[in-house]
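Understanding the architecture of this molecule
Spelled out, the chains give:
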Amino acid sequence: MSGASSDRRIPSADGQEAELHAGMHREEAGFADPGTGLPRQETGIAEREHFAETIVDPQRMEIFIEAMTPPGPDYLRRLEEEAIADRVPIIRPQTRNLIRFFIKLKKPMRILEVGTAVGFSALFMQYYAPAGCRIVTIEKDPARAAAARENIARFGNCLEAAEDSSRDAAGGENTARFGSAIDVLEGDAAEVLREIREDASFDMVFMDAAKGQYIRFLPEVLRLLRAGGILITDNILQEGDVLSSRFAVTRRNRTIHSRMREYVRALAEEPSLETLLLPTGDGAAVCLRQSGT
Ligand code: SAM
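Only a predicted model underlies this, so the values are computations on that prediction, with no experimental measurement involved. (Residues numbered from 1 in each chain as written. Predicted model: local features only at pLDDT ≥ 70, side-chain atom pairs only at ≥ 80, totals over all residues.)

1. Re the overall build of the protein
- Helix and strand counts for the protein stand at 13 helices and 9 strands.
- By residue count, 31% of the 293 residues in the protein fall in the buried class.
- Taking all contacts inside the protein whose residues are at least 6 apart in sequence as the whole, residues at least 24 apart take part in 64%. (Helix = DSSP H or I, 4+ residues; strand = E, 2+ residues; numbered from the N terminus. Buried ≥ 20, exposed ≤ 12 C-beta atoms within 10 Å, placed from the backbone. Contact = placed C-beta atoms within 7 Å.)

Here's what the structure looks like:
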């Protein structure tokens, strides 16, 4: 027996491992497909059916991953509950896992976020970031920016420790520049990003704002992200719309569909980035800014 699928093993219903026999599928593929009259082999249907059998339902996957995720601190859970009750969008658990992983891997000392909402993700990132990390986050909506500042102040006890260690680690310089561990900049990111003058000063950027605008933000983000830094972009799949032809999405969503595709293509083709596209959450792109480009 040969073929890639001959040695794939999946757990059977009774918990024992069962072997997927490529030969069995080939045999089935010998029958004609009623739709086309062609041997199923030639239509690729058997291969697709075989593939479909191995696809995991994304909802079950999400529930499983959530169940396996250690709970964060109480204050973040409280803030999450409030955001959900107020219908404020915040990062999903799978995206949180991704961000937490890269924060622990890269230990960023400066993080830039585009799209604060009420500060959940900024506080989440701060919790896992090393002491002394500074976070700059941009929010267009004045009410949300105010709510974010309030939440950041509310959890002052948690922030104080970070503030003190940040002064030790940064020798006061960063503290003088930003004034607090998380700095909320209010305004349209297209303008605010241009006003941040410290080129190549951020170790990590998290894009989570108006999805249709990412392509506009990209040149400034690339200017601000240092070599070796990570850019994480959330919601690149737009609930799956981005995978479909533009004619299959509703007219209302076509602009965002084409702009998101343009953005993802720009990430993939940008020579200074190594880009990984993941089906995590609503789709995420993780880009490594390479040195020497
Ligand atoms: N990152 C947040 C979290 O997980 O807690 C959620 C951010 S929410 C998905 C997106 C936010 O981006 C909204 O609060 C929206 O007002 C803001 N936004 C949209 N367009 C923006 C822009 N051009 N500049 C800055 N913020 C923007």
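2. Quick word on the site of the ligand
- The immediate surroundings of the ligand are formed by 19 residues, with Gly115, Phe120, Ser121, Ala189 and Ala210 found nearest.
- Listed by contribution, the elements that provide at least two residues to the shell around the ligand are α7 (120-128), β4 (134-139) and α11 (189-195).
- Of the residues that constitute the shell around the ligand, the class distribution is 10 nonpolar, 3 polar and 6 charged. (Near = placed C-beta within 6 Å. Nonpolar A, V, L, I, M, F, W, Y, C, P; charged D, E, K, R; others polar.)

3. Overview of the sheet that holds β4
- Reading across the sheet, the 7 strands line up as β5-β4-β3-β6-β7-β9-β8 and stay open at both edges, with mixed pairing between neighbours. At either margin of the open sheet sits one strand with a lone partner, and together these are β5 (182-186) and β8 (273-278). Looking at each pair of strands side by side, their axes are set apart by 15 degrees on average, direction ignored.
- On top of the sheet, helix α6 (residues 93-106) reaches β6 (202-207), β7 (225-234) and β9 (284-289); it is set at about 170 degrees to β7, its chief contact. (Pairing = 2+ DSSP bridges. Axes fitted to C-alpha atoms, helices over the stretch in contact; angles between N-to-C directions.)

4. Digging into helix α12 (residues 214-224)
- Residues Tyr214, Phe217, Leu218, Glu220, Val221 and Leu224 constitute the buried set of α12.
- Tucked inside the fold, the buried residues of α12 contact β3 (110-114), α11, β6, β7 and α13 (254-269).

5. Quick notes on α6
- Helix length check: α6, at 14 residues, gives a terminal C-alpha distance of 20 Å against a target of 20 Å (1.5 Å per residue), a fit within 8%.
- Those residues of α6 lying buried are Gln94, Thr95, Arg96, Leu98, Ile99 and Ile103.
- Taken together, the buried residues of α6 touch α4 (58-67), α7, β6, β7 and β9.
- One or two residues past the end of α6 sits Lys107, with phi positive at roughly 45 degrees. (Expected span 1.5 Å × (residues − 1).)

6. Here we look at the nonpolar core
- Judged by nonpolar contacts, the single largest core of 56 residues is most densely connected at Ile111 and Val205.
- Residues contacting Val205, with those up to four places away along its chain left out, are Leu112, Val221, Leu224, Leu225 and Leu231. (Core = buried A, V, L, I, M, F, W, Y, C linked by C-beta atoms within 7 Å.)

7. A closer look at the pairing of β6
- Burial of β6 is extensive: 6 of the 6 residues sit out of reach of the surface.
- Here β6 runs beside β7; their pairing, made up of 5 bridges, is parallel. Opposite Met207, over in β7, you have Thr233 as the bridge partner.
- In this view, the connection linking β6 to its parallel neighbour β7 by way of α12 has right-handed handedness. (Right-handed = clockwise from strand over helix to strand, strands pointing away.)

8. As for unusual backbone geometry
- The backbone phi angle of Ala200 is positive, close to 50 degrees, even though this residue is not glycine.
- With respect to the element layout, Ala200 can be found in the loop between α11 and β6.
- The phi angle at Asn235 is positive, at roughly 60 degrees, despite the residue not being glycine.
- With respect to the helices, strands and loops of the structure, Asn235 is situated in the loop between β7 and α13.

9. A closer look at the confidence of the model for the protein
- Looking at the protein as a whole, the pLDDT averages 79, with 68% of positions reaching at least 70.
- Within the model, the stretch residues 1-31 combines pLDDT values under 50 with 28 contacts to residues more than four positions away or in other chains.
- Below pLDDT 50 for its whole length, residues 161-179 participates in 22 contacts with residues either more than four positions away or in separate chains. (pLDDT = per-residue confidence, 0-100.)

10. So, the packing of α4 against α6
- It is at 9 Å that the axes of α4 and α6 come closest, and there the two elements cross at 50 degrees. The orientation of α4 relative to α6 falls into the category oblique. Remark: the crossing between α4 and α6 carries left-handed chirality. Here α4 contributes Glu62, Ile65 and Glu66 to the contact with α6, which in turn contributes Pro93, Gln94 and Asn97.
- Considering only residue class, the contact of α4 with α6 consists of 2 nonpolar, 2 polar and 2 charged. (Parallel < 35°, antiparallel > 145°, perpendicular 65-115°, else oblique. Left-handed = near helix turned anticlockwise from the far one by under 90°.)

11. Quick word on the environment of Gln213
- Mapped onto the secondary structure, Gln213 falls in the loop between β6 and α12.
- By C-beta crowding, Gln213 is classed as partly exposed, having 19 other C-beta atoms within 10 Å.
- Linking Gln213 and Arg259, residues 46 residues apart in sequence, is a C-alpha distance of 7.7 Å.

12. Let's talk about the packing of helix α5 (residues 74-85) against α7
- Between α5 and α7, the least distance of the axes is 10 Å, while the angle of their chain directions is 165 degrees. Classed by the angle they form, the pair α5 and α7 counts as roughly antiparallel. As α5 runs across α7, the sense of the crossing is left-handed. Seen from α5, the contacting residues are Leu76, Leu79, Glu80 and Ala83; seen from α7, they are Phe120, Leu123, Phe124 and Tyr127.
- Across the contact of α5 with α7, the residue classes break down as 7 nonpolar, no polar and 1 charged.

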